Amino acid sequence: MGWALAVQGAAGAISPSLPPELREPRLATLRRCLDLGAAALRAGRHALDVVELVVRELENCPHFNAGRGSVLTADGTVEMEASIMEGRTLRCGAVVGLSTVVNPISLARVLMEKTPVIYLAFDGAEAFARDQGVETKHPSYFITQDNIERLRQEKEANKLQSTKGQSPQEIPSPTDGNSRIGTVGCVAVDAAGNLASATSTGGHANKMAGRIGDTPIVGAGTYANALCAVSTTGMGEDIIRYTVARDVAAVMEHRGLPLRDAAVRVVAGMPRDTVGLVAVSATGEVCMAYNTIGMFRACATEAGHTEVGIWTDDVDANGESVSIRL
Amino acid sequence: MGWALAVQGAAGAISPSLPPERREPRLATLRRCLDLGTAALRAGRPALDVVELVVRELENCPHFNAGRGSVLTADGTVEMEACIMEGRTMRCGAVSGLSTVVNPISLARLVMEKTPHIYLAFDGAEAFAREQAGWIPRTQATSLHRTTLSGLRKEKEANKLQSTKDQSPQEIPSPTDGSSGIGTVGCVAVDAAGNLAAATSTGGHVNTMAGRIGDTPIVGAGTYANALCAVSATGKGEEIIRHTVARDVAAVMEHCGLPLRDAAARVVAGMPRPSVGLVAVSATGEVCMAYNTIGMFRACATEAGHTEVGIWMDDVDANGESVTVRL
């Protein structure tokens, strides 16, 4: 029992040769998220508050594919999406197609708490943001030079693949270790046993305008019920069709498996190199599982376990790791 | 075994006093859907083709809340959404926020078959539609129907009343003309080769916020198919989303080893009353139509010769034992 917290900053083909200047700022942000989240949990904050504040921190960091630093659509624009869910009540909120909202996860929460609607998109979501007075900025605020460059590389690779007859999914990842995909997310269980999950992303680099991924889909990228809270990352289309986040909870419920076994079973059943997830249970279990090369991740528990890492051989943990690579 | 097909045209507070002139055109369309669907299945068409053609028929019928005849947003506009899924491969396609596409379910299928994505919405989805060969320009006006305009006006009136009475939006009583403020159309099928498919389409929830997305295009909520079963749900979109209804039916079959009917009944029984209806078929040819609302427009047919059409429990026109469950 006791509180627990886990954070992810994307799973994918994160090259082991990722240079320190691309690795350290992200790890530093993950550590800062652990500090903020753990402090909030110790202070008795509700799990819903904790996952929101951690994801806001990740959205504000330009090195992650969410909020500022989101990857760009094929049109060079930003279309952000996010969702949040509370386990005890199954309340949830999701937003899609945002281009000016500084913290999409907070808009998702406002939607959940102030309207009978779960899911709001594009112009309607932007209008709601203005009605609610949430912080917005000019679209250029979200666009970073790294992502402009990443889009250019993706378009080049697409030209090559269409001459080679490859499908878009076969395009090799950029060699700078930056994935064309990516998500940020946080799951938490507080001292009272309340569970919550939150996930946010800019989506898929060079995606068609209007493309929606797994992140705002309850049951795919985000899910929480009375048993566990899950946030996923990876190939959005695979996560949607395999209803990953919901399945972890369903396996726990119907098969009576502990969190770790349920998470392993679900991730092992996915096509390889498609998914990573972080999860916590009502009883304070934590699991971080992935079937990709790496996953930016971190976790902390009331019992004092902490862990930060990207691959399996770089994990900085005190105590036995809760990470599983399949 | 053998092929089977089930169709829904919305579950909700469908008043038993719904007059014949509002009941018969919808029942006639459901019967026509059964005829078209069974003819296609007998001719050996795959389940994916069958669910698409049936849902197109429902979208084209102005008496259902999908395609032409979609309910209107608070701004008086149409925002249609749809989803299609193939069980064997788990391929799927979904669209939201359409205003000019005549058959949203067919656009969802094109997203599935022609893009690396599953889900396109709003301007991006409309742009994709325009790029497809054979696209016919339509203005939004052709999706509007006189009943939907009067439906919006009634909802806005009811909303004004409820805000003076301090009721939440969900407490607004349904219009007494039997037209639900919500509604969906959907079809599930298993073909002679055991392939499963599900398709659902809707105009959403009347007088809702522009940009609201419901359960219909959410894989696992309103629509789902895998190797075990295919499910299409209808009802209160937000409840269907948070309870991942369509996925849960398949999960209960898989993990608890229950037959389709028991799995569907269990999932529907676990939902708030009244909130949901669903139609489902399994790979072995089972059919189930379950709901916890006052009624659900529905129909089904099997290769063994069972057919059934109805709205409530006491009006069912069936040959053989009904596959309907009301919870």
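All figures in this text were calculated on a predicted structure; none of them were measured in a lab.

Cut-off values and rules
- Residues numbered from 1 in each chain as written.
- Chains lettered and ligands numbered in written order.
- Predicted model: local features only at pLDDT ≥ 70, side-chain atom pairs only at ≥ 80, totals over all residues.
- Heavy atoms only, no water.
- Helix = DSSP H or I, 4+ residues; strand = E, 2+ residues; numbered from the N terminus.
- Rg over C-alpha atoms; globule rule 2.2 N^0.38 Å.
- Buried < 20%, exposed > 50% of the residue type's maximum accessible area, 1.4 Å probe, protein only.
- Contact = heavy atoms within 4.5 Å.
- Lys, Arg positive; Asp, Glu negative; His and termini not counted.
- Charge placed at Lys NZ, Arg CZ, Asp CG, Glu CD.
- Pairing = 2+ DSSP bridges.
- Core = buried A, V, L, I, M, F, W, Y, C linked by side-chain atoms within 4.5 Å.
- Buried area = accessible area lost by both parts, 1.4 Å probe.
- Salt bridge = Lys/Arg side-chain N within 4 Å of Asp/Glu carboxyl O.
- Polar contact = N/O pair within 3.5 Å; in protein donor to acceptor, adjacent residues only side chain to side chain.
- Nonpolar A, V, L, I, M, F, W, Y, C, P; charged D, E, K, R; others polar.
- Axes fitted to C-alpha atoms, helices over the stretch in contact; angles between N-to-C directions.
- Disulfide = S-S within 2.5 Å.
- pLDDT = per-residue confidence, 0-100.
- Expected span 1.5 Å × (residues − 1).
- Parallel < 35°, antiparallel > 145°, perpendicular 65-115°, else oblique.
- Left-handed = near helix turned anticlockwise from the far one by under 90°.

Caption draft 1: Spotlight on the overall build of chain A. From N to C terminus, chain A includes eight helices and 15 strands. Taking 2.2 N^0.38 as the reference for a compact globule, 326 residues should give roughly 20 Å; the C-alpha atoms of chain A span a radius of gyration of 18 Å, in line with that estimate. Referenced to the eigenvectors of the C-alpha coordinate spread, the extents of chain A come out at roughly 55 × 45 × 35 Å. When each of the 326 residues of chain A is scored for burial, the buried share is 63%. In chain A, the share of contacts with a sequence separation of at least 24, taken over all contacts with a separation of at least 6, comes to 65%. Within chain A, the 37 negative side-chain charges are centred at a point lying 1 Å from the centre of the 30 positive side-chain charges.

Caption draft 2: Just the environment of Gln 153 of chain A, in detail. With respect to the secondary-structure elements, Gln 153 of chain A resides in helix H5 (residues 145–164). A sequence separation of 45 residues divides Gln 153 of chain A from Ala 198 of chain A, and the C-alpha atoms of the two residues are 30 Å apart.

Caption draft 3: View of the pairing of strand S1 (residues 4–12) of chain A. Residues and elements named next belong to chain A. Counting buried positions along S1 yields nine of nine residues, so the element is predominantly enclosed. As judged from the seven bridges shared by S1 and strand S12 (residues 294–301), these two strands associate in the antiparallel manner. Opposite Val 7, over in S12, you have Ala 298 as the bridge partner. Judged from the five bridges that link them, S1 and strand S5 (residues 184–189) form a sheet pairing that is antiparallel. The residue bridging Leu 5 from the neighbouring strand is Ala 188, located in S5.

Caption draft 4: Expanded view of the nonpolar core. In this structure, Tyr 119 of chain A together with Tyr 119 and Leu 278 of chain B are the most contacted members of the largest nonpolar core, which totals 107 residues. If you look at the next biggest cluster of nonpolar residues, it comprises 55 residues, including Val 51, Ala 125, Phe 296 and Val 308 of chain A.

Caption draft 5: Structural context of the interface of chain B and chain A. Taken residue by residue, the interface counts 38 residues in chain B and 39 residues in chain A. When the area that chain B buries against chain A is broken down by residue, the three leading residues are His 117, Arg 242 and His 255 of chain B, summing to 19%. Between Arg 246 of chain A and Asp 248 of chain B there is a salt bridge, with the nearest N and O atoms lying 2.9 Å from each other. At the boundary of chain B and chain A, one finds 14 residue pairs in polar contact (both at pLDDT 80 or more). Partitioned by chemical class, the residues of the side of chain B that touches chain A number 20 nonpolar, 10 polar and eight charged. Of the strand pairs in this sheet, strand S4 (residues 119–121) of chain A and strand S7 (residues 212–213) of chain B are connected by two bridges, and their pairing is antiparallel.

Caption draft 6: Seen up close, the sheet that holds S7 of chain B. Pairing within the open sheet is mixed, and its 10 strands lie in the order S14(A)-S13(A)-S12(A)-S1(A)-S5(A)-S6(A)-S2(A)-S3(A)-S4(A)-S7(B). Since the sheet does not close on itself, it has two edges, and those belong to strand S14 (316–318) of chain A together with S7 of chain B, each with one partner. Sheet strands touched by helix H4 (residues 122–132) of chain A: strand S3 (92–98) and S4 of chain A. Its angle to S4 of chain A, the strand with the most contacts, is close to 100°.

Caption draft 7: Summary view of the state of the cysteines. On inspection of all chains with the given rule, the structure shows zero disulfides over all chains. Cys 186 of chain A carries a free sulfur, and the closest cysteine sulfur to it, the one in Cys 33 of chain A, is 7.5 Å from it. Left without a disulfide partner, Cys 300 of chain B is nearest to the cysteine sulfur of Cys 288 of chain B, which lies 9.4 Å away.

Caption draft 8: Spatial organisation of the side chain of Ser 70 of chain B. Along the chain, the position of Ser 70 of chain B falls in the loop between helix H2 (47–60) and strand S2 (80–86). A distance of 2.8 Å separates a polar atom in the side chain of Ser 70 of chain B from the backbone oxygen of Gly 67 of chain B.

Caption draft 9: Quick look at the sheet that holds strand S15 (residues 324–326) of chain B. All names here are of chain B. Within the open sheet, the five strands sit side by side as S8-S9-S10-S11-S15. Their pairing is mixed. Looking at which strands have only one partner, the edges of the open sheet turn out to be strand S8 (223–225) and S15. When the angles between neighbouring strand axes are averaged without regard to direction, this sheet yields 15°. Pairing analysis gives three bridges linking strand S11 (residues 287–291) to S15, with the strands arranged parallel. Looking across to S15, one finds that Ala 290 is bridged to Val 325. On top of the sheet, helix H7 (residues 245–256) reaches S8, strand S9 (229–235) and strand S10 (276–282); it is set at about 145° to S9, its chief contact.

Caption draft 10: Representation of the confidence of the model for chain A. Per-residue pLDDT for chain A has a mean of 93; in total, 94% of the residues score no lower than 70. Scored below 50 in pLDDT, residues 166–177 of chain A shows 21 contacts in the model against residues more than four places distant or in partner chains.

Caption draft 11: Helix H7 (residues 244–255) of chain A, seen in detail. Residues and elements named next belong to chain A. For H7, spanning 12 residues, the distance from its first C-alpha to its last is 16 Å, which sits close to the expected 16 Å at 1.5 Å a residue. Buried residues of H7: Val 244, Ala 245, Arg 246, Asp 247, Val 248, Ala 249, Ala 250, Val 251, Met 252 and His 254, and no others. Looking one or two residues past H7, Gly 256 carries a phi angle of roughly 65°, positive in sign.

Caption draft 12: Up close: the pattern of salt bridges. Within the structure shown, the criterion is met by 25 salt bridges over all chains. Salt-bridge contacts for Arg 242 of chain B lead to Glu 239 of chain B; the nearest nitrogen and oxygen are separated by 3.5 Å. Here Arg 242 of chain B pairs with Glu 239 of chain B, and both are found in helix H6 (residues 237–242), just three residues apart, close to one helical turn. The class for Arg 242 of chain B is buried, based on a relative accessible area of 15%. In this structure, a network of salt bridges that share partners links the residues Arg 45, Asp 49, Glu 52, Glu 86, Arg 91, Arg 109 and Glu 113 of chain A.

Caption draft 13: Main features of the packing of H7 of chain A against helix H8 (residues 259–268) of chain A. All names here are of chain A. Axis separation between H7 and H8 bottoms out at 9 Å; the angle between their running directions is 130°. When the axis of H7 is compared with that of H8, the two are oblique. Crossing of H7 against H8: the hand is right-handed. Taken together, the residues of H8 that come into contact with H7 (itself represented by Val 244, Asp 247, Val 248, Val 251, Met 252 and Arg 255) are Leu 259, Ala 262, Ala 263, Arg 265 and Val 266. Considering only residue class, the contact of H7 with H8 consists of eight nonpolar, no polar and three charged.

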